[in-house]
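Results of the structural survey
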Amino acid sequence: MKAMILAAGKGTRVRPMTHVLPKPMIPLVRKPVMEFLVEHLKANGITEIMVNTSHLAPVIEEYFRDGDRFGVQMAYSFEGDLVDGKIEGKAIGSAGGMKKIQDFSGFFDETFVVLCGDALIDVDFAEVLRFHRERNSIATLVLRDVPPEDVSKYGVVETDASGRIVQFQEKPSREEAVSSTINTGIYIFEPEVLEYIPSGVEFDIGSQLLPELVRSGQSIYGITQPFAWLDIGSVPDYWEATSLLLRGSVAGFTMPGEQIRPGVHCGINVQISWDKVHIEGPVYIGSSTSVGDGATIIGPTVIGSGCVIQPGATVRECILADYTRISSVAVLEQKLIFGSKCIEPSGKYLDIEESQIRWLMDDARNKEDLSEDEQLLLEEVKTLTVS
Amino acid sequence: MKLAERKIGANIVLEVLESRLGADKAVAFKEAVGSYLNDGVVSVVLDLSKVNFIDSSGLGAILSIFKRMPKGSELILCGATDPVTSMFKLTRLDRVFTMKKTVDEAVSALSL
């Protein structure tokens, strides 16, 4: 079976992280989300994977390249232009992306899977395929039950007893919703569906292709599976997903690095005196990181590689990107430090440059001395808070 | 540097009417509040409810006012918005300063 990973989105709800990384490349405990997906597809025998790329396309393409490092074959369909030497994404919708590939090479010449590149899943594709074949379906949706209060975030679906889809509702209110079963954006299609997508225009699967199929008298089906679904569509979701993984609540996930003791893992070349630092797991400390004496690290926390946690600093329930330096006077609680931003679980953030808090947190590679004012401020804060 | 003042006996409530307490306002802010201290004000309630951005200079200005408070007097902060609270929590200064939610709570907390 072949697959297409949709990786062309802008990821606006995960800003400011997506200013620098396309959403599928956001790391969940060190590994890009999309890498988990590729591994899962491979484990399900799916080894020819097309990926549509747009926003920050090179980050994805340069990481996965031809896919052989991952035991699969991967190729890209770039949606955008090169303007003044700069790559500019111009996405054409999920179905538009499929059609572009088909028009180019007829790649989809057998049953294929289409799914979003920004969620960790453990869907049993063999089961979905069996269901799809049994019903002679040209389009099968993987559905999931969610708590009724969450339906307004999703496309709600109603099926009859045979699994045939009888109604779609886009983000309905709880009262209007006909069910609490939602479309997860994971599909199995027959090549025929591509005939229903016009060429060269923006076209979306959920809101355009599926209704068009139904309008044309096609029967499409949905199978509800209770699978693990870690979606990183927003900063709060990303936080929750990281926390679940660290706490061991997701089957099949293994912590990277070496285990120092239960709940505490680290990479290599780590500078730390384990008896002089207070650590409560689950914590991962990245390679080449330095943790000073008297520091406190409370999990669930991921500390990137090349970080410097200065003596006495407190880091509690944080996710720190590579090369983050945390000053001795800092107390970080529930912060995501990424791309010179200090982000709260709500998504609100401080810009480290704009707020001039280099003396509190900075890029560890920055050898520039603090300004006199910053030095003075640091000393004053130290004096006031040492008691 | 716009401040609204309200005297309460020998104490004063100063409401900062700027939305940004940054490098460009820090010095003026220090001087403005400092002038009340020069005039013999005892304790100060600083209402920060209109401030939605503070950087290191703004923080430094508040610290320097704190250091200037005469012995036995108090500086109480109130109305801190999320960005301001964040800054104080990040530096542990939320444990050094008395921070109240509202002006009324802050005034009640004044022990004079």
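Fair warning: this is a prediction, and the values are worked out from it, not measured in the lab. (Residues numbered from 1 in each chain as written. Chains lettered and ligands numbered in written order. Predicted model: local features only at pLDDT ≥ 70, side-chain atom pairs only at ≥ 80, totals over all residues.)

**As for the sheet that holds strand β1 (residues 3–8) of chain B**
Residue and element names in this part refer to chain B. Ordered by their spatial adjacency, 5 strands build an open sheet running β1-β2-β4-β6-β7, and the pairing between neighbours is mixed. Bordering the open sheet on either side are β1 and β7 (98–100), each of which pairs with just one other strand. Ignoring strand direction, the axes of neighbouring strands in this sheet form an average angle of 20°. Examined bridge by bridge, strand β2 (residues 11–16) and strand β4 (residues 44–47) share 4 bridges and lie parallel to one another. Pairing of leucine 14 across the sheet is with leucine 46, part of β4. (Pairing = 2+ DSSP bridges. Helix = DSSP H or I, 4+ residues; strand = E, 2+ residues; numbered from the N terminus. Axes fitted to C-alpha atoms, helices over the stretch in contact; angles between N-to-C directions.)

**Some points on the sheet that holds strand β23 (residues 308–309) of chain A**
Residue and element names in this part refer to chain A. Taking strand neighbours across the sheet as the criterion, the 4 strands line up as β20-β23-β26-β31 in an open arrangement whose pairing is mixed. Every other strand in the sheet has two partners, leaving β20 (290–291) and β31 (361–363) as the edge strands with one partner each. Pairing between strand β26 (residues 324–326) and β31: 3 bridges, direction antiparallel. Directly across from arginine 325, in β31, lies its bridge partner aspartate 362.

**Re helix α2 (residues 56–68) of chain B**
With 13 residues, α2(B) extends 18 Å between its outermost C-alpha atoms, agreeing within 8% with the 18 Å of an ideal straight helix rising 1.5 Å per residue. Those residues of α2(B) lying buried are Ser56(B), Ser57(B), Gly58(B), Leu59(B), Gly60(B), Ala61(B), Ile62(B), Leu63(B) and Ile65(B). Turning to α2(B), the residues buried within the fold contact α7 (372–386) of chain A together with β3 (20–21), α1 (23–38), β5 (53–54), β6 (75–78) and α3 (82–90) of chain B. (Expected span 1.5 Å × (residues − 1). Buried ≥ 20, exposed ≤ 12 C-beta atoms within 10 Å, placed from the backbone. Contact = placed C-beta atoms within 7 Å.)

**Side note on α3(B)**
Restricting attention to buried positions, one finds in α3(B) the residues Val84(B), Ser86(B), Met87(B) and Leu90(B). Projected down its long axis, α3(B) carries its buried residues within an arc of 155°, all on one side. Buried-residue contacts for α3(B) involve β27 (331–333) and β30 (349–351) of chain A together with β5 and α2 of chain B. Just downstream of α3(B) lies Arg92(B), where phi reads positive at about 70°. (Arc of directions from axis to C-beta.)

**Describing the domain arrangement of chain A**
Residues and elements named next belong to chain A. Along its sequence, chain A is carved into domain 1 (2–235) and domain 2 (256–386). Domain 1 and domain 2 are separated by 36 Å when their C-alpha centres are compared. The interface is formed by 8 residues belonging to domain 1 together with 10 residues belonging to domain 2. Within the side of domain 1 that touches domain 2, the residues separate by chemical class into 5 nonpolar, 2 polar and 1 charged. (Domains from an automatic or database assignment. Nonpolar A, V, L, I, M, F, W, Y, C, P; charged D, E, K, R; others polar.)

**Side note on the pairing of β2(B)**
Looking along a regular strand, one sees the side chains alternate between the two faces of the sheet. Residue and element names in this part refer to chain B. The pairing of β1 with β2 spans 6 bridges and is antiparallel. Counted as the bridge partner of glutamate 5 is leucine 14 from β2. The loop that links β1 with its antiparallel partner β2 comprises 2 residues; one of these, glycine 9, has a positive phi angle of about 65°.

**Focus on the interface of chain B and chain A**
The partner chain A presents 20 residues to the 15 residues of chain B that form the contact. For the side of chain B that touches chain A, the elements supplying multiple residues, two or more each, are α2 and α3 of chain B. Residue classes in the side of chain B that touches chain A are distributed as 6 nonpolar, 5 polar and 4 charged.

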